[in-house]
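Chain by chain, the residues:
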Amino acid sequence: MNIGQWLMRTAQMRGGEAAIYLGAEPVADYAGFHDRAARLAGWLGAQGIGPGDRVGIFMKNCPEFLIAFYGVWYAGAVAVPINAKLHGREAAWILGHSGAKMCFATPDLAGALDEADVEAAVVDMTGGAFAGAMEAEPVAGPAPRELDDLAWLFYTSGTTGRPKGVMITHRMLIATSLTYLASVDPVTPADATLYAAPMSHGAGLYAPVHVLMGARHVCPASGGFEPGEIFDLAKRLGNLHLFAAPTMVKRMTQAAKAAGYGGEGLRSVVYGGGPMYVADIVEAVEVFGPVFVQIYGQGEAPMGISALSREEVADRTHPRWRERLGSVGRAQAGVEVKIGDAEGAPCGVGEPGEIMVRGDVVMRGYWENPEGTAKTLKDGWLMTGDVGTMDADGFVTLQDRSKDVIISGGTNIYPREVEECLLMHGTVSEVSVVGRPDPEWGEDVVAFVVCEGALDEAALDAHCRAHIARFKRPKAYFAVPDLPKNNYGKVLKTELRKRLEEGAGG
């Protein structure tokens, strides 16, 4: 089945209902959305693009992004969305690696591709070629595809080395969407999903479920994440929900407090894509109310490993509410999750090990990378590379990436636990903890801290001694104006380790 079938069905049932908005203004109903996708697919076919061919999408969030997605799928081709924050050379590498024949781009990004001298044909979404595509003869409907045919090549964030192309099939998108309805959040035609996070990433992965349910799709006029704009759209459109990274939730909380906004019109915020610290989500719930749902996933199992419900995120009555709030919830409906040892055997309750998952949301493998695939997929299980524990009730607590665990004196120390502790101190706004080589202990714990005011090592050390075991507390603190992050907002611990190796400290 082609995932594009859902758009055609919704257009048949709800063709006259608003589908796509730019800001608060509707720009297409579902009949128009379907027609544009069908015309784009017809044009792609005339250009020699057919089932299985790869087509890049290098664009900021805009209505045309959705048209490109579904036009590619209607043609039976494979979408290769590229983060708009990447450099033109990085985007060109992805296009070359994927073997894309064509790439749709917004004007500002099309120029970057021209400079990178890509082989794929670059189509400016505001130019004459795209306007001509909207006049092409439409296809009758989505091209037939098998469930395990590719729909999306998802390139990982690449914090070390080149990114890998995760092969996402139509089956995976269907499973992710249906699991969303079962385990994350219901969706109705009255809802509006806002694309404030990159549509090339998590936000775009949730487009199909909202198409299936006939919801409204809102592209912010700014093309990105602006808290004030989100609050205004929530009040004007109502029933607004969005996917947000933890850093976005924190910025929304700070902006809402400054503006006196209490969440009017905001129905759900699904957060994931990185660690959400307990102190930050507690404050967010206090400001916005019970609108938050946490998901845990990876590009290799997009958005679909575990979830912490809005009731569990907002609960303050359970005797272990704080512990549960620090978890990533329980397995979503469509997967099995276990904690395994080095051989994949199940660990005991509360015993740390690698988080493993299997089910229809798990990738088929990495594009043109059999070695990476064999290392990551073992006996049907995805080896996530994340260290975690599972309690007796099935709540999974993410400790750290296995590569980030600090081993000091033969004892494992999980940086996130130390980071959670430091963030409870009123002067710490951001922190990242890494290991520093030590000739006696193997590694020392050190913390890079973004402070409000001057760094007070003695105060932070006393705070750590009061909350965590002495051997876990940092042996050194470095004040930094900000933490290095990649284009997906993830902290680059490799860069922090490099600073330590070079003796640069802060």
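For clarity, every value in this text was computed on a predicted model and none was experimentally measured.

**Points about the nonpolar core**
Ranked by internal contacts, the top residues of the largest apolar core, which has 109 residues, are F33, F104, F288 and F292. Among the elements that make up this core, the one with the highest residue count is helix α3 (residues 63-74) (nine residues). Once you skip the residues sitting within four places of it in the chain, F33 turns out to touch L7, A19, I20, A28, L66, I67, Y70 and V211. In this structure, L95, A105, V118 and L150 belong to the second largest nonpolar core, which totals 22 residues.

**Focus: helix α4 (residues 88-98)**
Taken as a whole, α4 has its buried residues at G88, A91, A92, I94, L95 and S98. The arc enclosing the buried residues of α4, seen along the axis, measures out at 160°, which places them on a common side. With respect to the buried face of α4, the exposed residues turned more than 90 degrees away are R89 and G96. Just beyond α4, the residue with positive phi is G99, at close to 70°.

**Comments concerning helix α7 (residues 170-184)**
Counted at 1.5 Å a residue, the expected span for α7 with its 15 residues is 21 Å, and the 20 Å between its end C-alpha atoms agrees. Taken as a whole, α7 has its buried residues at H170, M172, L173, I174, A175, T176, S177, T179, Y180 and V184.

**Comments concerning the pairing of strand β12 (residues 266-271)**
The two faces of the sheet receive side chains in turn, since in a regular strand these alternate between them. The element β12 is largely enclosed, with a buried count of six among its six residues. Pairing between strand β11 (residues 240-244) and β12: five bridges, direction parallel. The residue bridging L242 from the neighbouring strand is V269, located in β12. A crossover links β11 with its parallel partner β12, the connecting element being helix α11 (residues 246-259), and its sense is right-handed. As judged from the three bridges shared by β12 and strand β13 (residues 292-298), these two strands associate in the parallel manner. Across the sheet, the residue bridging to V269 is F292, located in β13.

**What about the packing of α4 against helix α5 (residues 107-116)?**
Interaxial distance between α4 and α5 falls to 8 Å at its minimum, and their mutual angle equals 75°. Viewed along their axes, α4 and α5 adopt a mutual orientation that is roughly perpendicular. For the pair α4 and α5, the contacting residues are G88, R89, A91, A92 and L95 in the first and A112, L113 and A116 in the second. Across the contact of α4 with α5, the residue classes tally to six nonpolar, one polar and one charged.

**Some details on the state of the cysteines**
In this structure the tally under the stated criterion is zero disulfides. Left without a disulfide partner, C62 is nearest to the cysteine sulfur of C219, which lies 6.4 Å away. The class for C62 is buried, based on a relative accessible area of 11%. We note that C451 lacks a disulfide partner, and the nearest cysteine sulfur, in C464, lies 12 Å from it.

**Concerning the packing of helix α2 (residues 30-46) against α3**
At a minimum axis separation of 7 Å, α2 and α3 run at an interaxial angle of 55°. The orientation of α2 with respect to α3, classified from their angle, is oblique. By crossing handedness, the relation of α2 to α3 is classed as right-handed. Contacts from F33, H34, R36, A37, A38, L40, A41 and L44 of α2 reach α3 at L66, I67, A68, Y70, G71, V72 and Y74.

**Let's talk about the packing of aromatic side chains**
What characterises a pair of aromatic rings is the spacing of the ring centres plus the angle enclosed by the ring planes. Applying the stated criterion across every chain yields a total of 19 aromatic pairs. Geometrically, the ring pair formed by F69 and W152 is tilted, given 5.0 Å between the ring centres and 40° between the ring planes. Here F69 is found in helix α3, whereas its partner W152 is found in strand β7 (residues 150-155), with 83 residues between them in sequence. When sorted by exposure, F69 lands in the same class as W152, which is buried. Each residue in the set Y30, F33, F65, F69, Y70, W73, W152 and F154 is aromatic and connected to the rest through ring pairs, giving one cluster.

**Quick look at the sheet that holds strand β25 (residues 476-479)**
On the basis of which strands lie adjacent, the open sheet formed by three strands has the order β23-β24-β25 and mixed pairing. Because the sheet does not close on itself, it has two edges, and the strands there are β23 (428-438) and β25. On average, each strand axis in the sheet is tilted by 25° relative to the strand beside it, whichever way the strands run. Looking at chain direction, strand β24 (residues 442-451) and β25 are connected through four bridges and run parallel. Bridging from a neighbouring strand, V449 pairs with A479 of β25. In the packing of helix α18 (residues 493-501) onto the sheet, contacts are made with β23, β24 and β25, and the angle to β23 comes to roughly 55°.

Definitions and limits used
Residues numbered from 1 in each chain as written. Predicted model: local features only at pLDDT ≥ 70, side-chain atom pairs only at ≥ 80, totals over all residues. Heavy atoms only, no water. Core = buried A, V, L, I, M, F, W, Y, C linked by side-chain atoms within 4.5 Å. Buried < 20%, exposed > 50% of the residue type's maximum accessible area, 1.4 Å probe, protein only. Helix = DSSP H or I, 4+ residues; strand = E, 2+ residues; numbered from the N terminus. Contact = heavy atoms within 4.5 Å. Arc of directions from axis to C-beta. Expected span 1.5 Å × (residues − 1). Pairing = 2+ DSSP bridges. Right-handed = clockwise from strand over helix to strand, strands pointing away. Axes fitted to C-alpha atoms, helices over the stretch in contact; angles between N-to-C directions. Parallel < 35°, antiparallel > 145°, perpendicular 65-115°, else oblique. Nonpolar A, V, L, I, M, F, W, Y, C, P; charged D, E, K, R; others polar. Disulfide = S-S within 2.5 Å. Left-handed = near helix turned anticlockwise from the far one by under 90°. Phe/Tyr/Trp six-rings, centres within 6.5 Å; stacked < 30°, edge-to-face > 60°.

The quantities given are spatial measurements derived from coordinates; they are silent on function.
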